[in-house]
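# A structural walkthrough
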Amino acid sequence: MLMIVTPIFMVILLGYVFGKVKPDSGNSDKLINDYVLYVALPALLFLAIARADINELKQWGFIGSTLAGIVSAYLIAGVIARIKGIRLPQSSILSMGASYGTTGYMGVPILISVYGQEAALPAAIATVLHNIPAIMAVIISWDLSAHKGKNESISTLRSLGKASKTTFTNPLTISVLAGLTFVLSGIKTPVFLEAFANFLGNAAGPTALFALGLGLSRLSIKEHISGETIKMTIPMIFLKIFIQPMITFLIAIYIFGMGEGNKIWLAAAVVMAAQPIGAGVYVFAKKYGYREDTISLAIIVSLAVALVTIPALLSII
């Protein structure tokens with residue numbers, strides 16, 4: 001198992017080293033990230049869904065345990081934040097950090113590298129499931145809570161529409177929905193389209209991992225370390241790396257009865273839940289101007305921890 005996952009983390013390291021050696025390559029950073037987000041990963045996820053049989057999508061245990069892990073981590077983080085005196089909408093950023101991982105950039109390449117193309121379908125579904133709840137919850141929290149006590153007002157319906165637009169215009173979500181269109185309509189994917197998506201998707205894994213390392217090289221640990229950020233970072237990382245996958249696993253086994261017959265789906269649910277904190281959390285922290293330093297530190301440290309925990313988890317599974 002170590003021999004399988006080592007090249008994965010070596011690509012991340014390569015991206016990190018490249019970023020340090022080429023500190024002035026800012027334009028190329030954006031180009032690589034845009035290629036991953038808008039071209040390579042969507043092609044991979046589209047193909048994984050479009051090739052599926054409709055019966056393969058009826059994985060209620062996988063869907064239920066994945067969502068349960070996400071929601072549990074999100075709510076527990078909210079309670080911890082409340083105890084610390086942090087209320088909505090600010091606490092939603094910390095909750096997102098505890099429940100939103102690098103499923104696309106890291107989870108998908110890892111699952112496919114370890115389990116082969118058979119893992120592409122659960123990886124694609126998991127990516128969408130991990131995108132929707134946290135993103136929508138943060139947007140709605142800020143829309144509704146941030147206007148309390150002000151003259152401005154925003155309806156719940158309008159906020160829900162805004163959150164849905166942000167979530168469902170995400171390229172990864174669009175690619176999965178496009179794949180679902182072929183599955184639900186019973187239309188076979190045209191050979192040329194399948195070959196085209198396959199050609200682009202083959203580059204998704206290494207490019208995404210390289211882009212992840214490149215992004216991390218731009219973050220500075222020293223400038224974010226303080227007693228307060230460490231206190232806020234530790235619970236977030238613990239929930240994301242340990243509690244979320246544990247809850248996902250327990251619910252999958254004891255509530256939905258997933259076992260040997262669902263081995264790859266069970267592994268995908270747990271591995272995706274165990275991913276380090278995703279860069280998307282920093283995007284929202286910056287957007288709303290709350291705790292960018294804490295989130296940056298949490299992303300870096302959680303990745304370092306995941307370099308140990310994910311190979312260990314894969315060996316156990």
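Worth saying up front: this structure is predicted, and the values here are computed from it rather than measured. (Residues numbered from 1 in each chain as written. Predicted model: local features only at pLDDT ≥ 70, side-chain atom pairs only at ≥ 80, totals over all residues. Heavy atoms only, no water.)

Now for the overall build of the protein. Scanning the protein from N- to C-terminus turns up 14 helices and zero strands. Beginning at the N terminus, the succession of helices and strands in the protein can be written as α-α-α-α-α-α-α-α-α-α-α-α-α-α. For the protein, the C-alpha radius of gyration of 19 Å lies close to 20 Å, the compact-globule estimate for 317 residues. Taken over the C-alpha atoms alone, the protein extends approximately 55 × 50 × 40 Å along its principal axes. Relative to its full complement of 317 residues, the protein shows a buried share of 51%. When contacts within the protein are restricted to residue pairs at least 6 apart in sequence, those whose partners lie at least 24 apart make up 86%. Here the protein displays about 14,800 Å² of accessible surface, and carbon together with sulfur accounts for 67% of that area. (Helix = DSSP H or I, 4+ residues; strand = E, 2+ residues; numbered from the N terminus. Rg over C-alpha atoms; globule rule 2.2 N^0.38 Å. Buried < 20%, exposed > 50% of the residue type's maximum accessible area, 1.4 Å probe, protein only. Contact = heavy atoms within 4.5 Å. Areas by Shrake-Rupley, 256 points an atom, 1.4 Å probe, with all protein chains shown as cover.)

So, on to the confidence of the model for the protein. With 93% of its residues at a pLDDT of 70 or more, the protein shows a mean pLDDT of 86. Model confidence for the protein, summarised as mean pLDDT per element, is weakest for helix H7 (residues 156-168) at 78 and strongest for helix H3 (residues 60-83) at 95. (pLDDT = per-residue confidence, 0-100.)

The next point concerns the pattern of salt bridges. Inspection of every chain in the model, using the stated rule, returns one salt bridge. Its salt-bridge partner being Glu-194, residue Arg-51 comes within 3.2 Å of it at the nearest N-O pair. Highlighted residues: Arg-51 in the loop between helix H2 (26-50) and H3 and Glu-194 in helix H9 (residues 191-201), separated in sequence by 143 residues. Judged by relative accessible area, which is 43%, Arg-51 ranks as partly exposed. Judged by relative accessible area, Glu-194 falls into the partly exposed class, the value being 22%. (Salt bridge = Lys/Arg side-chain N within 4 Å of Asp/Glu carboxyl O.)

Attention now moves to unusual backbone geometry. Cis geometry is found at the peptide bond from Leu-88 to Pro-89, where omega equals 5 degrees. Positionally, Pro-89 belongs in the loop between H3 and helix H4 (90-97). Within the chain, Arg-291 stands out as a residue other than glycine whose phi angle is a positive 55 degrees. Note on placement: Arg-291 falls in the loop between helix H13 (279-288) and helix H14 (292-316).

A separate point is the packing of helix H5 (residues 103-115) against helix H10 (residues 204-217). Relative orientation of the contacting elements H5 and H10 amounts to 135 degrees, with a least axis distance of 9 Å. Comparing the axis directions of H5 and H10 gives the class oblique. The hand of the H5/H10 crossing is left-handed. Residues Tyr-105, Met-106 and Pro-109 of H5 form the contact with H10, whose participating residues are Gly-205, Ala-208, Leu-209, Ala-211 and Leu-212. Looking at the contact of H5 with H10, its residues break down into seven nonpolar, one polar and no charged. (Axes fitted to C-alpha atoms, helices over the stretch in contact; angles between N-to-C directions. Parallel < 35°, antiparallel > 145°, perpendicular 65-115°, else oblique. Left-handed = near helix turned anticlockwise from the far one by under 90°. Nonpolar A, V, L, I, M, F, W, Y, C, P; charged D, E, K, R; others polar.)

Taken as a whole, H13 has its buried residues at Gly-280, Val-281, Phe-284, Ala-285 and Tyr-288. Taken around the axis of H13, the buried residues stretch over an arc of 145 degrees, which confines them to a single face. Projecting away from the buried face of H13 at angles above 90 degrees are the exposed residues Ala-279, Val-283 and Lys-286. Elements in contact with the buried residues of H13: H4, helix H6 (120-145) and H14. Two residues or fewer past H13, Gly-289 is found with a positive phi of approximately 65 degrees. (Arc of directions from axis to C-beta.)

Here we come to a nonpolar patch on the surface. A grouping of Met-246, Phe-249, Leu-250, Tyr-254, Ile-255 and Phe-256 is seen on the molecular surface, where their side chains present a nonpolar patch of about 640 Å² in accessible area. Inspection of the secondary structure assignment puts Tyr-254 in helix H11 (residues 227-254). (Patch = residues over 30% accessible without salt bridge, like charges linked within 9 Å, V, L, I, M, F, W, Y side chains within 5 Å.)

Further remarks concern the packing of H11 against helix H12 (residues 263-273). Contact geometry for H11 and H12: axes closest at 7 Å, N-to-C directions at 160 degrees. One element, H11, and the other, H12, form an angle in the roughly antiparallel class. Between H11 and H12 lies a crossing of right-handed hand. Across the interface between the two elements, Lys-240, Gln-244, Pro-245, Thr-248, Phe-249, Ala-252 and Ile-253 of H11 pack against Leu-266, Ala-269, Val-270, Met-272 and Ala-273 of H12.

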